[in-house]
Amino acid sequence: AASSARIADELKGLDIRIFDVAESLRVADYFVVVTGNSRPHVKALYEEIHYRLKHIGERHARAEGLELGWWVLLDFVDFVVHLFHPEARAFYQLERLWDDAPALTPHP
């Protein structure tokens, strides 16, 4: 999860947050939430995270939402990366769902 957050930060991802959802959801240990500044930026974030994590042996299920670049979801089993267009992040406000989950510092 931290690696995906670092990659997003390197690519100028915005408002990067990591939530420890292991106790509340039990489908993953961490959710990483990142905003891109445009649809092409969201797709670029996806491409770099996908490529670099694949290179170190991490695999994810088929990316959801990549065609539109509005909300792209990458499920790496232990962690899930949510890449949002700014309007999508404001609309869905996923952070509200995890208000009680510990938020971790994305990069030390």
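Now for a quick tour of the structure. (Residues numbered from 1 in each chain as written. Predicted model: local features only at pLDDT ≥ 70, side-chain atom pairs only at ≥ 80, totals over all residues. Heavy atoms only, no water.)

**Digging into the environment of valine 80**
- Looking at the element boundaries, valine 80 is found in strand E4 (residues 79-84).
- On a C-alpha basis, the gap between valine 80 and leucine 94 in space is 13 Å, while along the polypeptide they are 14 residues apart.
- Setting aside anything within four residues of it in sequence, one finds valine 80 in contact with Ala28, Tyr30, Phe31, Val32, Leu73, Leu74 and Asp75. (Helix = DSSP H or I, 4+ residues; strand = E, 2+ residues; numbered from the N terminus. Contact = heavy atoms within 4.5 Å.)

**As for the sheet that holds strand E2 (residues 30-35)**
- Across the sheet, which stays open at both edges, the five strands sit in the order E3-E4-E2-E1-E5 with mixed pairing between neighbours. Only two strands of the sheet have a single partner each, and these edge strands are strand E3 (71-75) and strand E5 (103-104).
- Judged from the six bridges that link them, E2 and E4 form a sheet pairing that is parallel. Bridging across to E4, valine 32 finds its partner in valine 81.
- The strands touched by helix H1 (residues 2-10) within the sheet are strand E1 (14-20), E2 and E4, with E1 carrying the most contacts at an inclination of about 175°.
- Strands in contact with helix H2 (residues 39-55) are E2, E3 and E4; relative to E4, the strand with the most contacts, it is inclined by about 155°. (Pairing = 2+ DSSP bridges. Axes fitted to C-alpha atoms, helices over the stretch in contact; angles between N-to-C directions.)

**Some remarks on the pattern of salt bridges**
- If you walk through the whole model with that rule in mind, you get five salt bridges.
- Where aspartate 15 meets arginine 89, a salt bridge forms, and the shortest distance between an N and an O atom there is 3.3 Å. Within this pair, whereas aspartate 15 is found in strand E1, its partner arginine 89 is found in helix H3 (residues 86-92), the two being separated by 74 residues in sequence.
- With its nearest N and O atoms 2.2 Å apart, the salt bridge here joins glutamate 95 to arginine 89.
- A relative accessible area of 15% places glutamate 95 in the buried class. (Salt bridge = Lys/Arg side-chain N within 4 Å of Asp/Glu carboxyl O. Buried < 20%, exposed > 50% of the residue type's maximum accessible area, 1.4 Å probe, protein only.)

**Considerations on the side chain of histidine 82**
- By the secondary structure assignment, histidine 82 is in strand E4.
- You can call histidine 82 buried: its relative accessible area is 4%.
- A polar contact is formed between the side chain of histidine 82 and the side chain of tryptophan 71, at a distance of 3.1 Å.
- In this structure histidine 82 touches Phe31, Val32, Val33, Val34, Trp71, Val72, Leu73, Leu94 and Trp98, once residues within four positions along its chain are discounted. (Polar contact = N/O pair within 3.5 Å; in protein donor to acceptor, adjacent residues only side chain to side chain.)

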